[in-house]
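# An overview of the molecular structure
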Amino acid sequence: MTTVQVTTPGGDYPIHIGAGRLDSLGQVIPADATAIALVSNGTVAPHYRERAEKALAATGKRVVYIELPDGEAYKDWQTLNLIFDGLLQNRLDRKAVLVALGGGVIGDMVGFAAASYMRGIRFVQVPTTLLAQVDSSVGGKTAINHPLGKNMVGAFYQPIAVEIDIDVLSTLPEREVSAGLAEVIKYGLIIDADFFVWCEQNVQALRALDRQAITYAIQRSCELKAYVVSQDERESGLRAILNLGHTFGHAIESGLGYGAWLHGEAVGCGMVQAAELSVLTHDFPIEDVARVRALVRAIGCPVQAPDLGEEQWLSHMQVDKKTEGGQLRFVLLSAIGKALCEGVPAQALQQVLEKTAVPAQV
Ligand code: NAD
Ligand code: GLY
């Protein structure tokens, strides 16, 4: 087992990475916890609920189970309320601990429920998708979607532990693996050029979930995210770079309707668009755009964006948490491994949308 430590003003916690972690979940439940609420969905639970419940019950504490409907389309108020219903019906108090067993949708919603139930209770992330293991379970961003914008309602709230069992990836559909790899290569692009090269060299092993390759990719991604989050927990500066490709990606997700493209797919395509934009604004080498496009394609994500129409693109992109005073801001690359966040000329953006958003690919 490998441990990566996260240190933030909102709390310090370990990320444990290894095979079979699911069977030791009880180890991270604090001794003073009065009860445990395990939250999952109908897709993940048939595979992993029993093992997780057994490991949690080994603490001797009461374990209640709450099941949510599966899918990005359910990352909303109504579904969030099902968690509060379950907690209140079972009379869980302030010393109860929530456990999120699932992908980023479950993790983000359980985190938000933990942030607000009785004004805040402790929670543990048990991410079961690659995307959640390398990104969403770490760093304390929690949220639900609003019909007008993705992740628009939420809180910064850190878990007390992140338990990553690499074995659970064996049941993950191939398309979800590709989506998770988009967030992996993102770290190389924004902060670690050597890691980007390593991803280029190991892409087939990563897609095949080769144990050694995927473990290293998860560990390195968590280390890089932990570093960024420890510098800037609440995204007042550096943390914005973690959103490479997200301004375009979120517009794709909300423009097409949540769930049509996977979050990681939209981010992968968005990174190609951001790289194109960086050529016009920061002399990012055109040859490196080709490398970004080739790697996004090689991991199995789309590289051509849907043609939402310029008006729709702009209106969806406006609903972005990086927007300041009505001005859109983008994460851009000056080189592979070097990112920054700033506004861009309208003409450059228009040019990129014309070049990258292709009707035939919708
Ligand atoms: P997801 O949670 O929808 O999971 C994808 C699908 O895989 C779901 O159907 C899920 O039930 C299923 N699944 C999960 N684990 C499985 C397993 N081991 N075997 C079989 N099926 C499994 O999607 P995701 O990609 O994990 O997360 C995307 C969400 O994460 C988005 O809502 C995004 O906004 C959010 N996100 C948050 C952050 C953050 O910092 N908080 C960062 C990135 C993404
Ligand atoms: N996934 C972006 C962030 O955690 O800041």
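Residues numbered from 1 in each chain as written. Chains lettered and ligands numbered in written order. Predicted model: local features only at pLDDT ≥ 70, side-chain atom pairs only at ≥ 80, totals over all residues. Heavy atoms only, no water.

## Some words on the overall build of the protein
A tally of regular secondary structure across the protein gives 13 helices and 11 strands. Over its C-alpha trace the protein gives a radius of gyration of 20 Å, about what one expects of a compact globule, namely 21 Å for 362 residues. Here the C-alpha coordinates of the protein stretch approximately 60 × 40 × 40 Å along the principal axes. Counting only contacts in the protein whose residues sit at least 6 apart along the sequence, the fraction spanning at least 24 positions is 75%. Where the 30 positive side-chain charges of the protein centre and where its 40 negative ones centre are 6 Å apart. (Helix = DSSP H or I, 4+ residues; strand = E, 2+ residues; numbered from the N terminus. Rg over C-alpha atoms; globule rule 2.2 N^0.38 Å. Contact = heavy atoms within 4.5 Å. Lys, Arg positive; Asp, Glu negative; His and termini not counted. Charge placed at Lys NZ, Arg CZ, Asp CG, Glu CD.)

## Some thoughts on the packing of aromatic side chains
Applying the stated criterion across every chain, the model contains 8 aromatic pairs. An angle of 70° between the planes, with centres 4.8 Å apart, marks the rings of Trp198 and Tyr216 as edge-to-face. With Trp198 in helix H6 (residues 193-201) and Tyr216 in helix H8 (residues 211-231), this residue pair connects regions lying 18 residues apart in the sequence. Given a relative accessible area of 33%, Tyr216 falls into the partly exposed group. Through a chain of ring-to-ring contacts, the aromatic side chains of Phe195, Trp198 and Tyr216 assemble into a single cluster. Directly above the ring of Tyr65 sits Arg49, whose terminal nitrogen or CZ lies 3.7 Å from the centroid. (Phe/Tyr/Trp six-rings, centres within 6.5 Å; stacked < 30°, edge-to-face > 60°. Buried < 20%, exposed > 50% of the residue type's maximum accessible area, 1.4 Å probe, protein only. Lys NZ or Arg CZ within 6 Å of the ring centre and 35° of its normal.)

## Looking at the packing of helix H5 (residues 174-191) against H6
Orientation of H5 relative to H6, taken along the N-to-C sense of each, is 140°, at an axis distance of 6 Å. Considering the angle they form, H5 stands oblique to H6. The chirality of how H5 crosses H6 is left-handed. Contacts between H5 and H6 involve Val184, Ile185, Tyr187, Gly188, Leu189 and Ile191 from the former and Ala193, Phe195, Phe196 and Cys199 from the latter. Along the lines of polarity and charge, the residues of the contact of H5 with H6 split into 9 nonpolar, 1 polar and no charged. (Axes fitted to C-alpha atoms, helices over the stretch in contact; angles between N-to-C directions. Parallel < 35°, antiparallel > 145°, perpendicular 65-115°, else oblique. Left-handed = near helix turned anticlockwise from the far one by under 90°. Nonpolar A, V, L, I, M, F, W, Y, C, P; charged D, E, K, R; others polar.)

## Some remarks on the pairing of strand E5 (residues 97-102)
Most of E5 sits out of view: 6 of its 6 residues are buried. Where burial is concerned, the two faces of E5 agree: the one with Val97, Val99 and Leu101 and the one with Leu98, Ala100 and Gly102 are both buried. Sheet topology note: the strand E3 (residues 35-41)/E5 ladder contains 4 bridges and is parallel. Paired with Leu38 across the strands is Val99, a residue of E5. Where the polypeptide runs from E5 across helix H3 (residues 104-116) and back to strand E6 (residues 122-127), its parallel neighbour, the crossover connection is right-handed. (Pairing = 2+ DSSP bridges. Right-handed = clockwise from strand over helix to strand, strands pointing away.)

## With respect to the site of ligand 2
The immediate surroundings of ligand 2 are formed by Asp135, Lys141, Lys225, Glu235, Arg239, Leu242 and Asn243. One of the side-chain N or O atoms of Lys141 is found 2.8 Å from an oxygen atom in ligand 2. Here an oxygen atom of ligand 2 and a side-chain polar atom of Lys225 are 2.6 Å apart. Contact with the protein chains hides 90% of the accessible area of ligand 2, taken as 200 Å² for the molecule alone. Residues that form the shell around ligand 2 fall into these classes: 1 nonpolar, 1 polar and 5 charged. (Near = heavy atom within 4 Å. Polar contact = N/O pair within 3.5 Å; in protein donor to acceptor, adjacent residues only side chain to side chain. Areas by Shrake-Rupley, 256 points an atom, 1.4 Å probe, with all protein chains shown as cover.)

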